[in-house]
Amino acid sequence: MGRVFRLIHWQLSKKLLISLLLLFSASILAQKEDELRIVGELKKDWSYFSKTEIDKFNQELEYRERSSDYKNLLRAKAFIIKGDHDMAKYYLAKIRGQTNNLEIIKKRYSAIIEFIQGNFEKSLALMDSADFNNNDIYKQVCLLKVSNLLALNDIKRFNREYKLCRAATFEFGTFDQFWLNSLSEIKTGDILLLQGNRIENLRRVLSDSDFTIKWMKLALYINREDVIIKWLPSLPPEAYKNKKIRELVGFAYYRLGNKEKALDFIEDISTPNTENMRGNVDLQNKKYELAFGRFQLALQQKQNSLNALERSIPLSWILGQWEAGSKLLKRINNPNLDERKLLALETAFFMKKEEFEAARRLLNLLEIKFKKKLPIELELMQTYVALREGDKELSLISSSKACRQFDGLSCWIQMQMINWDNLGLTLDREEQTKDYSLFDPDKLKEKSPITPMSERIFIDQRDIEELDNFEIQIVN
C-alpha cells in the first residue's frame, strides 16, 4: 500500500515539476522576446551582428535599392515615351547618385528630356559628360549630341562631331546612318536633297520597311510629301501592314489636302499624330465637341503634344469648358510664348469660373510684369474683378484708365458709380433692377406709317406779316 502511495506521489510531483518547468520556460521566452525587441531597436549598433550577418544585410539592402532603381528607370522611360516629362524627371530623381552604374542611363534620359523640351544647351551639357567618352557608349548617344549641335547652329563643332559619330556608327550600315547623313546634308544646304531629287533616287530601297519609314520622315521634313505619294506604287504589299508607314502616308495625304484618303489610311491607328489629324478635320467641319475629344485622346497618349494643346485651349473656351481649359493651359511648356499672355488667358479662365480671388492674384502679378501700365484688355478685366469683389476704389481707378483709352463701357461704369454707392454690390443683387417688359427690339425694326403732324395755330401768320408792314415811329 505504501508503495502505491509513493508511486502516486511521484507522478503528482512529476506533473508539478513539468508545470513549473513550462512556466519557467514561458518566462524565459518572454524575457528573450523583450531582449530581441530591444536588440531590434538598437540595430544601429553593429556590435550585435557578426561580420557574416552584416555582409548579408548589406547585400539585401543593395538588392532592394537596385531593384527600386531599375523600376524607377523603367517608369521614367515609360513617361518619356508618353510625353509626361515632369513625371519622368520625378522618377529619375529617385535613382541614387553617381555610385550607381545606372547614373549614365539617367543622364542620357535627362538629356533626351531636355532636347524634347527645346533646352538644347542643357541637353548638350549632359552629353558632354566624360561618362560618354567610351566608344561603346558614345556610338549610342552621338546622334543626340549631333542633333543638339544642329539645333544650336554650332557649325564648327557640328562638323567635327558628325565625322566622329559617323565613324563610330559605321558598323551599323548605310541604312542606319541615313538620318545622320541627312542631317548633315540639310545643315550644309545640299540643294539636291532639299529639292527632293536625292529622295527620289532612294526609291530603290523601299523594300526595307525600317528604311522606308526614315525615307518618308525625311521627305515630310523637307516638305516633299508629293514624292511619297508619287512612289507609293513601289511599296511592296506587306509594307501597308506596317502602321507607322500607313500613318506617314496618311500624313502626306493630309498635307496635300486630301483629307478623305488621309483618314482612310489611319482608320485603325490611334497615335497622337493620327488623333490630331482627325481633330483637325473635325475642326474644319466645325464639329467642335468631336474635335475637342480627338485632341484629348492625343493628350492622353502624349501629354505635351503642342498641336493638341494649341487647339484644345481655344476649343475649351468655345465649349465653355473653363476648368479643362485652365488645366490644359498649365501643361504648355513653350519658352517662345509670352508669359504675360499665358497669365492673362489663365486670368480669363478664372473669371469665367468666378474664382475672383485667384484672378485678383494673377492680375496683381500682371501689373508688376507690365510695370503698372496694363493694356486696355487687362484694365477691363481689372474693372470687372474689382466690381465683383466689391472693391469700389479699384473699380473707379481701373474704369477711369480704360475710359481715358476711349472705352465706352468703362465711361458708362464711371457715370453709374456716381448714382450707385457700390455698383459691384448692385451687380450681385438677385432682384430685377429694371423692367424690360415694355421694351421690344422687334417692334423697333417694324415699319410704321408716316402721318403728318397736326399743329394748333395760336397766331395767324398773316397777322404777323401785316404788323411787319406797319411803319413804326420811335418817340424820343
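For clarity, every value in this text was computed on a predicted model and none was experimentally measured.

Rules of the game
- Residues numbered from 1 in each chain as written.
- Predicted model: local features only at pLDDT ≥ 70, side-chain atom pairs only at ≥ 80, totals over all residues.
- Heavy atoms only, no water.
- Core = buried A, V, L, I, M, F, W, Y, C linked by side-chain atoms within 4.5 Å.
- Buried < 20%, exposed > 50% of the residue type's maximum accessible area, 1.4 Å probe, protein only.
- Helix = DSSP H or I, 4+ residues; strand = E, 2+ residues; numbered from the N terminus.
- Salt bridge = Lys/Arg side-chain N within 4 Å of Asp/Glu carboxyl O.
- Contact = heavy atoms within 4.5 Å.
- Disulfide = S-S within 2.5 Å.

Q: Sorry if this is basic, but what is going on with the nonpolar core here?
A: One broad trend across soluble globular proteins is that nonpolar side chains are buried collectively. Ranked by internal contacts, the top residues of the largest apolar core, which has 24 residues, are Trp215, Met216, Ile228, Leu232, Ile245, Val249 and Tyr253. Where this core is concerned, the elements lending two or more residues are α11 (209–221), α12 (225–230), α13 (243–255), α14 (259–265) and α15 (272–284). Ala359, Leu362, Leu366 and Phe370 belong to the second largest nonpolar core, which has 16 residues in total.

Q: I keep staring at the pattern of salt bridges and nothing clicks. Help me out?
A: Two side chains bearing opposite charge may form a pair once their charged atoms approach each other closely. Applying the stated criterion across every chain yields a total of 17 salt bridges. Among the ionic pairs, lysine 107 bridges to aspartate 131, the shortest N-O distance being 2.9 Å. Taken together, the positions of lysine 107 in helix α4 (residues 103–116) and aspartate 131 in the loop between α5 (120–127) and α6 (135–152) put the pair 24 residues apart, joining distant regions of the chain. The partly exposed category is assigned to aspartate 131, whose relative accessible area is 33%. A network of salt bridges, in which partner residues are shared, links Asp128, Lys145, Arg157 and Glu161.

Q: Is there a simple way to explain the environment of phenylalanine 115 in this structure?
A: Mapped onto the fold, phenylalanine 115 is located in helix α4. Residues phenylalanine 115 and alanine 151, spaced 36 residues apart in sequence, show a C-alpha to C-alpha distance of 9.4 Å. When residues no more than four places from it in sequence are discounted, the contact partners of phenylalanine 115 are Phe120, Ser123, Leu144, Ser147 and Asn148.

Q: Sorry, what's going on with the state of the cysteines here?
A: In a disulfide, the sulfur atoms of two cysteines are held together by a covalent bond. Applying the stated criterion across every chain, the model contains two disulfides. Put simply, cysteine 142 and cysteine 165 are joined by a disulfide, and their sulfur atoms are 2.0 Å apart. Disulfide cysteine 142 to cysteine 165: torsion about the S-S bond roughly 55°, handedness right-handed. Separated by 23 residues along the polypeptide, cysteine 142 in helix α6 and cysteine 165 in helix α7 (residues 155–168) bring together distant segments of the chain. Covalent S-S linkage joins cysteine 403 and cysteine 411, the inter-sulfur distance amounting to 2.0 Å. An S-S torsion of about 100° defines the bridge between cysteine 403 and cysteine 411 as right-handed. Assessed through its relative accessible area of 23%, cysteine 411 is described here as partly exposed. Listing the disulfide partners of the protein chain by sequence rank of the bonded cysteines yields 1-2, 3-4.

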